[in-house]
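# Per-entry structural report
The chain contents come next:
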Amino acid sequence: MIEHFDPSQQAQEHIQTYAKDLGTPPPAAGAAMVRLEIDGVAIRVPEGTSVLRAAALADINIPKLCATDSLEAFGSCRLCAVQVEGRRGTPAACTTPVTEGMRVTTQNERLARLRRNVMELYISDHPLDCLTCPANGDCELQDMAGAVGLRQVRYGFEGENHLQATKDESNPYFTFDPSKCIVCSRCVRACEEVQGTFALTIDGRGFDSKVTAGQGEAFMDSDCVSCGACVQACPTATLMEKSVIDAGQPEHSVITTCAYCGVGCTFEAQMKGDQLVRMVPYKGGDANHGHSCVKGRFAFGYASHPDRLTTPMIRESIDQPWREVGWEEAIAFAAARLRAIQAEHGRESIGGITSSRCTNEETYLVQKLIRAAFGNNNTDTCARVCHSPTGYGLKTTLGESAGTQTFDSVMQADAIIVIGANPTDAHPVFGSLMRKRLRQGAKLIVADPRRIDLLKTPHLGEAQHLPLRPGTNVALINALGHVVVTEGLEDHDFIAKRCDSEAYRAWRDFIREPHHSPEASEAITGVPAEAVRQAARTYATAGNGAIYYGLGVTEHSQGSTMVMGIANLAMATGNLGREGVGVNPLRGQNNVQGSCDMGSFPHELPGYQHVADPVARGRFEAAWGVTLDHEPGLRIPNMFDAAIEGSFKALYVQGEDIAQSDPNTQHVEAALSSLECLIVQDIFLNETAKYAHVLLPGSSFLEKDGTFTNAERRINRVRRVMPPLAGKADWEITVELARALGYPMDYAHPSEIMDEIARLTPSFAGVSYAKLDERGSLQWPCNAEHPLGMPTLHELDFPIGRGRFAITEYVATEERASRRFPLLMTTGRILSQYNVGAQTRRTDNQAWHDEDVLELHPADAELRGIQDGDWLGITSRAGQTVLRARLSERMQPGVVYTTFHHPGSGANVITTDNSDWATNCPEYKVTAVQVEKVSRPSAWQQRFDAFDRAQRGYLAKAQQEATS
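The shown structure was predicted, so the numbers you read here are calculated from the model rather than taken from an experiment.

As a further point, take the layout of surface pockets. One number sums up the size of the second largest pocket: a volume of about 970 Å³. Val-225, Asp-425, Asp-453, Ile-830 and Leu-831 are, among the 38 residues lining the second largest pocket, the residues nearest its centre. Secondary structure elements with two or more residues in the lining of the second largest pocket: α12 (423-426), α13 (428-439), β31 (853-856) and β34 (895-899). Sorting elements by how many residues they give to the lining of the second largest pocket places α13 first, with 4 residues.

Written out as C-alpha cells, the structure reads:
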C-alpha cells in the first residue's frame, strides 16, 4: 500500500480545491481525521468527508453528474456508485461519508456496467448534436459518457421524449433549453443553497419531471435575479450564456477582481484572443467563494461599448466642439492650463478628485500628483459623499476607520442588525451569504424606512422590521443603548477589560437619561417602544451579535454621530473582536475602502496619517523629494463653493461623475461651469465630462493591473485581461501628467507603486504582488506583526488602546416635512443598476430597470389622485424633477423612495446641501418634497436634454472629423 495523501498539507489541498471540482463541499473545520482505503490507496481525510471528495483529493476520479463541490450532496444521478467492503449494494459516493478503516472500490466490471446503463438512459432522452452544441468541449454529460465508455445507445427516440421542448430565451444573458435537461437538480439546488432566491423548482414526477422557473413562468417573469448560479451549476447546455453561444468556447482565462460593488468578487475572465467571452466566478475567491450577481457575472459589455472614449480631446470652452489630439498634445495642454492658473490665482486654486472605481495604485498616484506636483492638499474622493462618516466615527471610538470582520464572519452570527443597507440589491453576493445564515436560524433586525428584500428571505426565522422615519437614526440607536443599560444587558467584563472607564461612565449616565428611552423616542422615530426593546434584547443576548450598515446610516446630517452610536452599542454588548460579531460598513463602490486607504482625503496621507503629523509627513517628503503642505486642503463641497466664488479655478477628476452623483445638481453644475480648466479622465462622456476642457480616455478594470480593497479590507489583485482601448492604463496617464508638470514619477509597473505604498503605509507594509499571487488576497493590516493579514480587527485591543464610548445626542435634521413639503424622500440602489449607471446602462441590465421611478405608498397616492405610472413632479427646497409613479407598500405613508441610476431623472436636483456635521457627507437620505401629477418634464430636465444633445453633438463631430 502507498501512503498517498494527507490533507494536513494545506497548500496541496488549497491548490487542488480550486483546480478541479471535488464533488462535495468540505466537512466542518476541526473534524477528527479518518483513515480509509480507496482502490488500495491509503487516504487520511477529516471525518464527514464524502467518499467522492476523498477519492478526488487522492486523484481518483469517480464519474459524477448531480454532484459538485459548491452544493450539498444529492445522490440522484447514481453515476458515482461504488462498492464498500462489508456493505451490500452500490452506494453513491457523494452521499456516503468516510469511516475509519473503510475499504472502497471505485472501478470494476460491475460498476462499469452499472454506470454505462445509467448514462445510456440519460442519453436516450438527450439530443445527439454534440458537434453543433455550444457546450461542445465543455459539457460534463459529454465527458461522463466518455468516462464510462458509452459507445452506443440501445434505446431510440421513437417513444415519449423531451426533445421538442420549447427553449426559453427571455433572459438577455442566458438561454434555457429544456430539451437538453437531465433533471439533475443542480440548477435548482444552486438557486436555493448558493443564491437563496428559490426561483427554480422541479415540477412533476418521474419521467414528467422538469425544471421550472416560478410557476411555469419565463425566466424574466419569475423571481430569478440572474446571478448565474444555475448557469454555472448546469452540467449540460441546458442553461448556457448567450455570449458563449455567439462567440464559441473560450480558450484561456485570467483571474481578476470585479469592478462593481464593495464585495470584491474574484472572477475568471474567460477569453478568446482579446475578446472577453464570459465572466465566471472563481471558487477560490475569498470574498465570493464562486458566487456572483447579475452585474459582475454578465454586465461586462460596457468595457467594449461603442461609447468608449479612445482618443484624447481638448477644447477652449465647454460651448465649443471637441478636437481629437494625440496623448502628448493633450497632456501638454492640460499641464499648461494648470500651471497658468496657479501662476495667476495661486497654488491653492487647483485640486483633484480620486476615483473609487480605479485601483489602489492609480488612486495613490493621483493624490501624490496633487500633493507633490500641484503643491497642495486639495484632494478628495467619492467617499466624501458616502462613507466619510464611517472613517470619522469608527476612528473616534475604535481607532480604525474600517469594518471589523470578514464577510464569512456572518456565518457565526446569532443575531444580525442591518441598518440603512439593502444587501440583496447593493451587495448581492454578501446578501446571499447573509440569507444562508438566516435560513440556518440567525435572528434578523432591519432598521430602515423601507421594507427591504432581506425581510422576504425564504424560510426566514425570527425577524423584526423597525420602520423608522428618515433622519431619526441617532434617536433609535440611543433607544437601543438605553435598553441595554437600563435592563442590565451590558457585557461588563468586556467593558472593564477593553474600554475606557471614564468614557463609559459618561456614556452610561448619558444613555440612561429618560429622553433616550424607547417610549420617549417613539414620537421621534415612529417605531413602537416595545419593538425597540425586543430588538435590543435580541441583539444583546444572542451570543454573537453583528451589525451591518450602509449609506442609510452615513448619508445624514448626523452620519458620524450614528456611526459612533453603532460602535457604542457593539462595545456595550461585547460584540467586537471575534467571529460572528462586529461593526461592518458595507462600502458602495468597488474600491471606496481603497481610495480612503490611499490618502484621498485632504487631511490624511495614505494609511490615514494626518498631514499635520511631522513624522509621517517627513517620511513622504523624503520618499517623494518635495516639501508637503501641513494644512488640510479643500473638501469636495468646499471646491464647489470656491469655484462659484471665483478662487478655485481648475480640477482634475479621475473616474468620478460628480455632476450626477453629488447632491444639489444645479449647484454642482454652476461650480463646474465656473472652472477655467476641468480635466476628466474616464471611459465615457459622463455628465461631468460634458463640462470638461480636457478629456483623457481612461481604462476599464479589464485593461489594467493593480489591486482593489473591498469592504472587509481585503486586497485583491486586478489583472490585465486585454490591452487598453485608448493605449494607456489610468496610472500611466497620471504619470505622464505629473511629468509634464515638472514632477517626474518613475514606475515600470503597478507592482512598483504597491511597493512604494508598502514602504510608506504601515498597514500595507507586508503587501506585495508576490504575496497576493501566493495567498490569493490579504486583509490589512498586513505587516511584521500580522504578516498574513488580520481578518478580524480588535481581537485583543484597539489601536487607540481602549475603546472610547462617545456621547451621541440626537439633533433633528433641518430638513423636515412641512405643509409645503409634506413627504420625506429617501434614495437607494437597485440590483440591476450600479451607482450612476455609466457602466450598467450600457449593458442588457437595462431590461430590468430602464428608468428611475418614485415609489410612494398607495395612501399618499390616493390622497393626491395619483395612479401607478403617472408622471409626477417632485419639488423640494433645492429644485424640481419629474419621475414616473410606482405605488408600493414597501414604504410607510409619508415616505417616498427613488434611485439615481439615470442622469436624466435628476434625483440629485432635489437633494439639498445639508450634510454631516463632521465630514460634509451629504444628507441624501432625507429630503422634504411634495409630489403632484404633471404632463411634461421639469425645467431642469429640459435644460439637461438640450445640454446633453449639444455635448454629444460636439463629441460626434470631433470623432467624425478625425475619421474623415
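Here the narrative resumes, following the displayed structure.
Moving on: the sheet that holds strand β25 (residues 677-682). Read from one edge of the open sheet, 7 strands run β14-β13-β26-β25-β24-β15-β16, paired in mixed fashion. With one partner strand each, in any of the chains shown, β14 (323-324) and β16 (379-380) form the two edges of the open sheet. The sheet contacts of helix α26 (residues 730-740) involve β24 (650-654), β25 and β26 (694-697), and relative to β24 the element is tilted by about 155°.

Before going further, it helps to spend a moment on the pattern of salt bridges. The full count for this structure, using the stated rule, is 49 salt bridges. A salt bridge links Glu-109 to Arg-116; its shortest N-O distance comes to 3.2 Å. Assessed through its relative accessible area of 26%, Arg-116 is described here as partly exposed. Note that Lys-704 is salt-bridged to Glu-362, the shortest N-O span being 3.0 Å. With Lys-704 in the loop between β26 and β27 (706-709) and Glu-362 in helix α10 (residues 360-374), this residue pair connects regions lying 342 residues apart in the sequence. By sharing partners, the salt bridges in this structure join Glu-487, Glu-519, Glu-530, Arg-533 and Arg-537 into a single network.

The next subject is the sheet that holds strand β33 (residues 880-887). Strands sit in the order β30-β34-β31-β33-β32-β35 around a closed barrel of 6 strands; the barrel is mixed. Within the sheet, the average angular offset between the axes of one strand and its neighbour, ignoring direction, is 45°. Here strand β30 (residues 823-828) runs beside β34; their pairing, made up of 5 bridges, is parallel. By the bridge assignment, Thr-826 is partnered in β34 with Tyr-897.

Time to look at the environment of Leu-883. On the secondary structure map, Leu-883 appears in strand β33. Here the alpha-carbon distance between Leu-883 and Glu-851, two residues 32 residues apart in the chain, equals 8.6 Å. In this view, Leu-883 contacts Asp-852, Val-853, Leu-854, Asp-870, Trp-871, Leu-872, Ile-874, Thr-898 and Ser-905; residues no more than four positions away in its chain are not counted.

Okay, the packing of helix α9 (residues 327-345) against α26 next. Between α9 and α26, whose axes approach to 9 Å, the crossing angle comes to 55°. If you check the angle between α9 and α26, you find them oblique. In the crossing of α9 with α26, the sense of the turn from one axis to the other is right-handed. Between α9, through Trp-327, Ile-331, Ala-334 and Ala-335, and α26, the contact on the second element is made entirely by Ile-733, Glu-736, Leu-737 and Ala-740. A per-class count over the contact of α9 with α26 returns 7 nonpolar, no polar and 1 charged.

Most of strand β18 (residues 443-447) is tucked away: 4 of the 5 residues are buried. Relative to β18, strand β17 (residues 415-419) is paired through 5 bridges, and the arrangement is parallel. Bridge pairing in β18 links Val-418 to Val-446. Of the pairings in the sheet, the one linking β18 to strand β19 (residues 463-466) comprises 4 bridges and is parallel in character. Bridge pairing links Val-446 to His-465 in β19.

This part covers the nonpolar core. Leu-239, Ile-416, Val-418, Phe-430 and Met-434 are the most contacted members of the largest nonpolar core, which totals 71 residues. Not counting the four nearest positions on each side in its chain, Met-434 is found in contact with Val-410, Ile-416, Val-418, Pro-423, Leu-454 and Tyr-548. Residues Ile-341, Cys-596, Leu-772 and Leu-778 belong to the second largest nonpolar core, which totals 64 residues.

Counting buried residues along β30, 6 of its 6 residues qualify, which places the element largely inside the surrounding structure. For β30 and strand β35 (residues 927-933), the ladder comprises 3 bridges, and the chain directions are antiparallel. If you follow Leu-824 over to β35, its bridge partner there is Ala-928.

Our focus in this paragraph is helix α23 (residues 636-645). Every α-helix carries 3.6 residues per turn, so stepping three or four residues along brings you back to the same face. Those residues of α23 that sit buried are Ile-636, Met-639, Phe-640, Ala-642 and Ala-643. For α23, the elements touching its buried residues are β15 (350-353), β16, β24, α24 (658-661) and α25 (665-674). Just downstream of α23, Gly-646 is the residue with a positive phi angle, here 115°.

A word on the state of the cysteines. A full pass over the atoms with the stated rule returns 0 disulfides. Between Cys-230, a free cysteine, and Cys-224, which holds the nearest cysteine sulfur, the sulfur-to-sulfur gap is 5.7 Å. Judged by its relative accessible area of 7%, Cys-230 is buried. Here Cys-386 is not cross-linked by a disulfide; its sulfur's nearest cysteine counterpart is in Cys-382, at 4.5 Å.

With that settled, consider the confidence of the model for the protein. Close inspection of predicted coordinates is inappropriate in any region flagged by low pLDDT. Per-residue pLDDT for the protein has a mean of 94; in total, 98% of the residues score no lower than 70. Note on residues 1-17: pLDDT is under 50 here. Beyond four places in sequence and across chains, it has 33 contacts.

This part covers empty space enclosed by the protein. Remark: the empty space left among the atoms is shown by a probe the size of a water molecule rolled over them. If you walk through the whole model with that rule in mind, you get 12 cavities of 30 Å³ or more. Counted as a void, the largest cavity has a volume near 390 Å³. In terms of lining residues, the largest cavity is bounded by 28 residues, among which Gly-420, Ala-421, Gly-552, Thr-827 and Lys-925 are the most central. Among the elements of the structure, α19 (551-554) and β30 are those that each provide at least two residues to the lining of the largest cavity. Considering only residue class, the lining of the largest cavity consists of 10 nonpolar, 13 polar and 5 charged.

Here we come to helix α16 (residues 501-511). Of all the positions in α16, only Ala-503, Tyr-504, Trp-507, Phe-510 and Ile-511 are classed as buried. Axial view of α16: buried residues confined to an arc of 125°, hence all on one face. Pointing more than 90 degrees away from the buried face of α16 are the exposed residues Glu-502, Arg-505 and Asp-509. Against α14 (473-486), α15 (492-498) and α20 (559-572) lie the buried residues of α16. A distance of 3.2 Å separates the backbone nitrogen of Glu-502 from a side-chain oxygen at the start of α16, and that oxygen is part of Asp-500.

With that settled, consider a nonpolar patch on the surface. Judged by side-chain polarity, Leu-121, Val-153 and Tyr-155 come together as a nonpolar surface patch covering roughly 260 Å² of accessible area. With respect to the helices, strands and loops of the structure, Tyr-155 is situated in the loop between α4 (140-147) and β6 (174-176). Assessed through its relative accessible area of 37%, Tyr-155 is described here as partly exposed.

A word on the side chain of Arg-435. One can find Arg-435 in helix α13. Asp-453 provides the closest opposite charge to the buried, unpaired Arg-435, separated from it by 5.6 Å. Not counting chain neighbours up to four residues away, the residues in contact with Arg-435 comprise Gly-196, Thr-197, Thr-424, Asp-453, Leu-454, Lys-456 and Thr-457.

The rules behind these values
- Residues numbered from 1 in each chain as written.
- Predicted model: local features only at pLDDT ≥ 70, side-chain atom pairs only at ≥ 80, totals over all residues.
- Heavy atoms only, no water.
- 1 Å grid on protein atoms, 1.4 Å probe; cavity = no way out; pocket = protein on both sides within 12 Å on 5 of 7 lines; lining within 4 Å.
- Points joined across faces, edges and corners; volume = space filled by probe spheres on them.
- Helix = DSSP H or I, 4+ residues; strand = E, 2+ residues; numbered from the N terminus.
- Pairing = 2+ DSSP bridges.
- Contact = heavy atoms within 4.5 Å.
- Axes fitted to C-alpha atoms, helices over the stretch in contact; angles between N-to-C directions.
- Salt bridge = Lys/Arg side-chain N within 4 Å of Asp/Glu carboxyl O.
- Buried < 20%, exposed > 50% of the residue type's maximum accessible area, 1.4 Å probe, protein only.
- Parallel < 35°, antiparallel > 145°, perpendicular 65-115°, else oblique.
- Left-handed = near helix turned anticlockwise from the far one by under 90°.
- Nonpolar A, V, L, I, M, F, W, Y, C, P; charged D, E, K, R; others polar.
- Core = buried A, V, L, I, M, F, W, Y, C linked by side-chain atoms within 4.5 Å.
- Disulfide = S-S within 2.5 Å.
- pLDDT = per-residue confidence, 0-100.
- Arc of directions from axis to C-beta.
- Polar contact = N/O pair within 3.5 Å; in protein donor to acceptor, adjacent residues only side chain to side chain.
- Patch = residues over 30% accessible without salt bridge, like charges linked within 9 Å, V, L, I, M, F, W, Y side chains within 5 Å.
- Areas by Shrake-Rupley, 256 points an atom, 1.4 Å probe, with all protein chains shown as cover.
- Lys, Arg positive; Asp, Glu negative; His and termini not counted.

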